Each structure stands twice: as structure tokens, then as C-alpha cells.
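Notes for the structure review
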Amino acid sequence: MNPTPASPMTGAASPISNFSTCHEGILSHLQALGELPALMDPVVRAGAIAEQTLQFFRPAVFDHHVEEEKDLFPAVLAAATQGEERADVKAMVDGLTAEHRQIEAIWRELEPQLQKLASGHLVVVDGAAVQRLVSQYNAHARFEEDRFLPLAETILGRNEPQLAELGLSLHMRHVVRAARRGLRGS
């Protein structure tokens, strides 16, 4: 058997090699396309986190700030003894209230970005603002837990009726809020 003589059109100039080159390009692009579903998982998760945070943040955090400023802070200030204790409480209350406004301002900056992300738009969320919000709220909550709330417990614990009044005020506010949510939901 004699081998088939080589065609003068073999090699890079061959029309057949053009088909191979084309297949390589197609396969390369399809390989990249095959990665797309895995890349979309974090995007879908980001949208879900944005949606959950939007549903949670304003009602929980802003309302919590209102409760502290309208109920807790005034009650603790009123029950604090004159002098150093009241001055300490006043300084803490002023600082915590200022932190509330800072946290809320950062939220207002992030909220439109999160709304777009939650509704399926690709948007770059300000990572520095997210980190500021998270770190400032962590520090804020830690200070309240470690310093202010134990002091408030001590001060309000001296006057049981005042502590009961605070509890009733918070309970009533929660009942009204729940009723409003129920009315809006129907």
C-alpha cells in the first residue's frame, strides 16, 4: 500500500485548518460561558442579602433608635442622681444619639444602591460605606451593651414603677407597630 500523497493545501493555509481554528475559538468562548452559572450564584446571593437588609434595617434599626431616644434615654436621665451620674448619663446619651444619626446617614447613602441590587440591577455597592456601617454599629451596640445598658439597669432598678412604665411604653409601641403592619398587609 502506498500512502496517500500529501495535499498541497495542508498546514496553516488549508481550509480544513480554518475549521479547526474556528472550533478552538468557539470552544474557548463556550468554556467561559460554562463558568457563568457559578458566577451568578454570588450575584443572586447579593440581591437576596440586599432585599433582606432593606426589609429589616429601617423598621428594626430606625425604630430601635426611636425607642431609645423617646423612652429609654429620657427615663434613665430622669432617674439619674444629680451630679456626676447625671452628667455621665447625659454625655452617653448625647454620644449615642449622635451615633444614631451617623448610622442612619450611612444607611441613607447605601439604601438606593441596595434597592437597585435587590431589584436585579447590577450595581457597585459602596464597600467602604458598608464597612463603616457595620463597624460603627458594632462599636455602638458594644458600648450600649457593655456600658450604657448596665448603668441604665442600675439607675432604673432603683425605682420599680419607673422600670415598669418603661416596659409598658415599649410594649404599647410594639403593639401599635404590629397593628399597623397588619393593616398595611391586608
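Residue numbering note: each chain is counted from 1, following its sequence as written. In view of the model being predicted, local features appear only for residues whose pLDDT reaches at least 70, and side-chain atom pairs are presented and counted only at 80 or more, with totals across whole chains, interfaces and linings using the full set of residues. The basis for every side-chain value is the complete set of heavy atoms in the structure, and neither hydrogens nor water enter the calculation.

Every helix listed is a DSSP run of H or I at least four residues long, and every strand listed is a run of E at least two residues long, numbered separately from the N terminus. Along the chain, Glu51 falls in helix α1 (residues 15-79). Residue Glu51 is classed as partly exposed on the basis of its relative accessible area, which comes to 33%. A sequence separation of 69 residues divides Glu51 from Gly120, and the C-alpha atoms of the two residues are 10.0 Å apart. Accessible area is worked out with a 1.4 Å probe on protein chains only. A residue is then buried under 20% of its type maximum, exposed over 50%, and partly exposed in between.

Next up on the list: the packing of helix α2 (residues 84-118) against helix α3 (residues 127-157). With their axes 10 Å apart at the nearest point, α2 and α3 run at an angle of 155 degrees to one another. As the angle between them shows, α2 and α3 are arranged roughly antiparallel. Taken as a pair, α2 and α3 cross one another with a handedness that is left-handed. When residue character is reported, Ala, Val, Leu, Ile, Met, Phe, Trp, Tyr, Cys and Pro are called nonpolar, Asp, Glu, Lys and Arg charged, and the others, Gly included, polar. Residues belonging to the contact of α2 with α3 are distributed by class as follows: 16 nonpolar, four polar and six charged. Note on method: axes are straight lines fitted to C-alpha atoms, helices fitted across the in-contact stretch only, with angles between N-to-C directions ranging 0 to 180 degrees. To sort the angles, those under 35 degrees are grouped as roughly parallel, those over 145 as roughly antiparallel, those from 65 to 115 as roughly perpendicular, and the leftovers as oblique. With the far helix as reference, a near helix turned anticlockwise by less than a right angle produces a left-handed crossing, and one turned clockwise produces a right-handed crossing.

Of the voids in this model, the second largest pocket is the one considered here, and its volume is about 160 Å³. Buriedness for pockets is judged along seven lines, at least five of which must meet protein on both sides within 12 Å for an open set on the 1 Å grid over protein atoms alone, while cavities are sets there where a 1.4 Å probe fits but cannot get out, and lining residues have an atom within 4 Å of a point. Every residue lining the second largest pocket is listed: Ala46, Ile49, Ala50, Thr53, Trp107, Leu110, Leu114, Leu117, Val130, Leu133 and Val134. Elements with a minimum of two residues in the lining of the second largest pocket: α1, α2 and α3. The residue makeup of the lining of the second largest pocket, split by class, is ten nonpolar, one polar and no charged. Grid points are joined across faces, edges and corners, and a volume is the space filled by probe spheres set on the points.

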